[in-house]
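As a plain string of letters, each chain reads:
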Amino acid sequence: MHDKSYDIVIIGGGATGSGIALDATLRGFKCLLLEKNDFAEGTSSRSTKLVHGGVRYLEAAVKTLDKSQYDLVKEGLKERYRILHNAPHLAHSITLVTPLYKWYEIPYIYAGLFLYDLISGKKSLGRTGIVGKKQIMDIFPAVKKDGLKGGVRYFDGAFNDARMALALLQSAKEKGCIVRNYSEVTNFKYIDQKISGVVIKDKTSEEVYTVNTKFVINATGIFCDSIRKMDDESVHNIVEPSSGIHIVLDKKFLPNNEGLMIPKTQDGRVLFMLPWMGKCLVGTTDEESHPQEHPKADVRDIEYLLRHMRKYFSIDIKESDILSSWCGLRPLVSLKHTDDTKGLVREHYIEQSKSNLISIAGGKWTSYRKMAEDTVDILQKIFDDTKLHNCCTKNYILLGSRINTEHIKEKLDKLELEEDLRTHLIQTYGSQSLVIVDFIQKFGKEKIHKNYPVLKAEIYYGVKHEFVKNPLDFLVRRVGLGLIDLNATKESLYGVALVLKECFGWSDEVYDLKSKEALKLLNDGI
Ligand SMILES: Cc1cc2nc3c(=O)[nH]c(=O)nc-3n(C[C@H](O)[C@H](O)[C@H](O)COP(=O)(O)OP(=O)(O)OC[C@H]3O[C@@H](n4cnc5c(N)ncnc54)[C@H](O)[C@@H]3O)c2cc1C
């Protein structure tokens, strides 16, 4: 890679950078994507996992007659359809129910969610409907029944965010994009005051080198301003991070695979409880914050979520019931003269500096494709090269989703795997499970933890095909165990590190260091 020249260097391997890498590569640009940690280690693995138009924005659109909020919902719903279509192994539809305790709320919430569905038009995932008290009690046996009047059920999308970023990057790589994790951009090179290259620190080897490029795209989320300032110290900040936490609980709260949506908490937020990887995911909060790599879920925020759950459930929920918790930072674009993060714009914002640094910030996971299209459109205009293609990501099927599930099931049947293992492989790797078959034949069917259907063979696959370099790359972002069960992750850590020691030829000291670093993150905030 050293001394090579690229058309575009993309900084940041989260939703935004990964989407841009695929779009630009498919159009014919020669691209390099650099991520300073693991792919999706930032905000993009810490979302609520919803592929959605945003019911909250719709309420704001109706209440304030704000067309831009309405457009945001409409665009989100279009993109929701595309994500479900282009990556069906990672995204699916879910149903969410809102239990209501006041009669007048039923028509109000129903009208809002009916409109939400109406806006999605032909891309609707299912009709919104009213559900009776008895049905709600059947779906959520633990929900409080005193005063319960009924509820509303609607459809939305859910997805595996960390693996979605990976699928985008693998799809880009397949078409010629070079992608590197643990590669930090530390400076720019200039010719005639225009950026002509980037200085990169390889965090694995500590080597520093430069590559030449015609353009640099800054897709670094909450770190957007530090990259803008690396280019021009005098610029004002455009990103104001806002933190949101999640907790994960046992599935007993959502035994029937339907989610629960609380439309308005004490302070006017929306709260979700979603079925996620066999557990119950609860989130989220919205608090002003500052850029940091591994934010920790604050105890007050955890208490806030538990307090609201206690309002809706008759089971006593304690802090010790929490299997895992994590915090993410939204890269919100800041509006001047506002100190309310809930009032900040969720839309994306693209800026081109005098030296040709293109920065993109804001948006949400669901709109990553449109954000990429808008960014690469700008570059395509500047390049003005007739050999470049137009954007073609609207219907581009991602790696892992190109063979139908029946065919994969047939192949996996021959391995005589337990049902939960087959499901895990298909939901995690999609058609790439076929490649894993070879690894299972070579490395066996040993699990990394007795309670979870994750195989040791997948670590070898991860190293060879999924850029795994450290234990938590595998445990948190490739198989998601760290997000759903911290104790099981700690118990699996040393075994996973041992396989990586073998793969990378680590010394005992390096093995110790890597394991300790991972354990510290698991204790302090992944
Ligand atoms: C609590 C919460 C819940 C959310 N829920 C949803 C949801 O349900 N649905 C939805 O659609 N959206 C949701 N979002 C929004 C969504 O997650 C974000 O908008 C999206 O993940 C942002 O992606 P990004 O690529 O811009 O940022 P990031 O994922 O943070 O990626 C930026 C990357 O740049 C890297 N980087 C920084 N500096 C450098 C450097 N110098 N060199 C190399 N790399 C660098 C970072 O390490 C990082 O990985 C949620 C967000 C939060 C916080």
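Residues numbered from 1 in each chain as written. Predicted model: local features only at pLDDT ≥ 70, side-chain atom pairs only at ≥ 80, totals over all residues.

*Asks:* Can you help me understand the nonpolar core in this one?
*Replies:* Grouped burial of nonpolar side chains is what soluble globular proteins tend to show. Residues Ile 8, Val 9, Ile 10, Ala 21, Cys 31 and Ile 217 are the most contacted members of the largest nonpolar core, which totals 141 residues. Filtering out sequence-adjacent residues up to four positions away, Ile 8 remains in contact with Ala 24, Phe 29, Cys 31, Thr 213, Phe 215, Ile 217 and Leu 379. (Core = buried A, V, L, I, M, F, W, Y, C linked by C-beta atoms within 7 Å. Buried ≥ 20, exposed ≤ 12 C-beta atoms within 10 Å, placed from the backbone. Contact = placed C-beta atoms within 7 Å.)

*Asks:* Just to check I follow, could you spell out unusual backbone geometry for this structure?
*Replies:* Among all residues except glycine, the phi angle is most often negative; among peptide bonds, the trans geometry is most common. Cis geometry is found at the peptide bond from Gly 283 to Thr 284, where omega equals 5°. Structurally, the position occupied by Thr 284 is in the loop between β14 (279-283) and β15 (287-288). Phi at Lys 49 takes a positive value of approximately 70°, unusual for a residue other than glycine. Its location among the elements puts Lys 49 in the loop between β2 (31-34) and β3 (50-51). You will see that Asn 257, though not glycine, has its phi angle at about 65°, which is positive. With respect to the element layout, Asn 257 can be found in the loop between β11 (239-249) and β12 (259-262). By C-beta crowding, Asn 257 is classed as exposed, having 12 other C-beta atoms within 10 Å. (Helix = DSSP H or I, 4+ residues; strand = E, 2+ residues; numbered from the N terminus.)

*Asks:* How should I be thinking about helix α1 (residues 15-27) in this particular structure?
*Replies:* Helical geometry note: an α-helix holds 3.6 residues per turn, so side chains three or four residues apart project in the same direction. Its 13 residues give α1 an end-to-end C-alpha distance of 19 Å, which sits within 8% of 18 Å, the value for a rise of 1.5 Å per residue. Of all 13 residues in α1, 13 are buried, a share of seventy percent or more. Residue Gly 28 follows α1 closely and has a positive phi angle near 115°. (Expected span 1.5 Å × (residues − 1).)

*Asks:* Please explain the pairing of β12 as it appears in this structure.
*Replies:* Within a regular strand, the side chains alternate between the two sheet faces. Here strand β4 (residues 91-100) pairs with β12 via 2 bridges, running parallel. What sits directly across from Val 97, in β12, is Leu 260. As paired strands, β12 and strand β13 (residues 271-276) are joined by 3 bridges and run antiparallel to one another. Residue pairing in the sheet places Ile 262 in a bridge with Leu 271 of β13. (Pairing = 2+ DSSP bridges.)

*Asks:* It is not clear to me how the site of the ligand should be interpreted in this structure. Could you clarify?
*Replies:* Surrounding the ligand, one finds 39 residues, the nearest of these being Gly 12, Gly 14, Gly 42, Gly 221 and Gly 244. Mapped by element, the contributors of at least two residues to the shell around the ligand are α1, β8 (183-191) and β16 (324-333). Each of domain 1 (5-44 + 162-238 + 343-383) and domain 2 (81-158 + 240-336) gives at least three residues to the shell around the ligand. (Near = placed C-beta within 6 Å. Domains from an automatic or database assignment.)

*Asks:* Explain helix α9 (residues 368-383) to me, please; I cannot follow it from the model alone.
*Replies:* Across its 16 residues, α9 extends 22 Å between first and last C-alpha, which sits within 8% of the 22 Å expected from 1.5 Å per residue. When we look at burial in α9, the residues that qualify are Tyr 368, Arg 369, Lys 370, Met 371, Ala 372, Thr 375, Val 376 and Leu 379. Residues of α9 that are buried in the fold lie against β1 (5-11), α1, α3 (67-86), β10 (208-218), β17 (348-352) and β18 (357-362). Positioned one or two residues after α9, Asp 384 has a phi angle of 45°, which is positive.

*Asks:* I keep staring at the packing of helix α14 (residues 471-478) against helix α16 (residues 486-504) and nothing clicks. Help me out?
*Replies:* In a pair of packed helices, the angle between the axes and the distance between the axes together describe the arrangement. It is at 8 Å that the axes of α14 and α16 come closest, and there the two elements cross at 130°. What the angle tells us is that α14 and α16 run oblique. The chirality of how α14 crosses α16 is right-handed. Between α14 and α16, the residues in contact are Pro 471, Phe 474 and Leu 475 and Thr 489, Ser 492, Leu 493, Val 496, Ala 497 and Leu 500, respectively. In terms of residue class, the contact of α14 with α16 is made up of 7 nonpolar, 2 polar and no charged. (Axes fitted to C-alpha atoms, helices over the stretch in contact; angles between N-to-C directions. Parallel < 35°, antiparallel > 145°, perpendicular 65-115°, else oblique. Left-handed = near helix turned anticlockwise from the far one by under 90°. Nonpolar A, V, L, I, M, F, W, Y, C, P; charged D, E, K, R; others polar.)

*Asks:* Any chance you could explain the packing of helix α13 (residues 457-465) against α16 here in plain terms?
*Replies:* Direction vectors running N to C along α13 and α16 enclose 45°, while the axes themselves pass 10 Å from each other. When the interaxial angle is binned, α13 and α16 end up oblique. For the element pair α13 and α16, the recorded crossing hand is right-handed. Residues Ile 459, Tyr 460 and Val 463 of α13 touch α16, and the partners they reach there are Val 496, Val 499, Leu 500 and Cys 503. Classifying every residue of the contact of α13 with α16 by side-chain character gives 7 nonpolar, no polar and no charged.

*Asks:* Got a minute to help me understand the pairing of β18 in this structure?
*Replies:* With 6 of 6 residues buried, β18 lies mostly within the body of the structure. As judged from the 3 bridges shared by β10 and β18, these two strands associate in the parallel manner. If you follow Ile 217 over to β18, its bridge partner there is Ile 358. Bridging between β17 and β18 involves 5 bridges; their strand directions are antiparallel. Across the sheet, the residue bridging to Gln 352 is Ile 358, located in β18. In textbook terms, the turn of a hairpin is the stretch between consecutive antiparallel strands, and for β17 and β18 this stretch comprises 4 residues, one of which, Asn 356, has a positive phi near 80°.

*Asks:* Just checking my understanding: could you explain the domain arrangement of the protein chain for this structure?
*Replies:* Interfaces are often sized by the accessible area lost when the parts come together. By the assigned domains, the protein chain splits into domain 1 (5-44 + 162-238 + 343-383), domain 2 (81-158 + 240-336) and domain 3 (405-524). A C-alpha centroid distance of 32 Å is found between domain 1 and domain 2. Every element with two or more residues in the side of domain 1 that touches domain 2 is listed here: α6 (161-174), α7 (224-231) and β18. Ranked by residue count, the leading element in the side of domain 1 that touches domain 2 is α6, at 3 residues.

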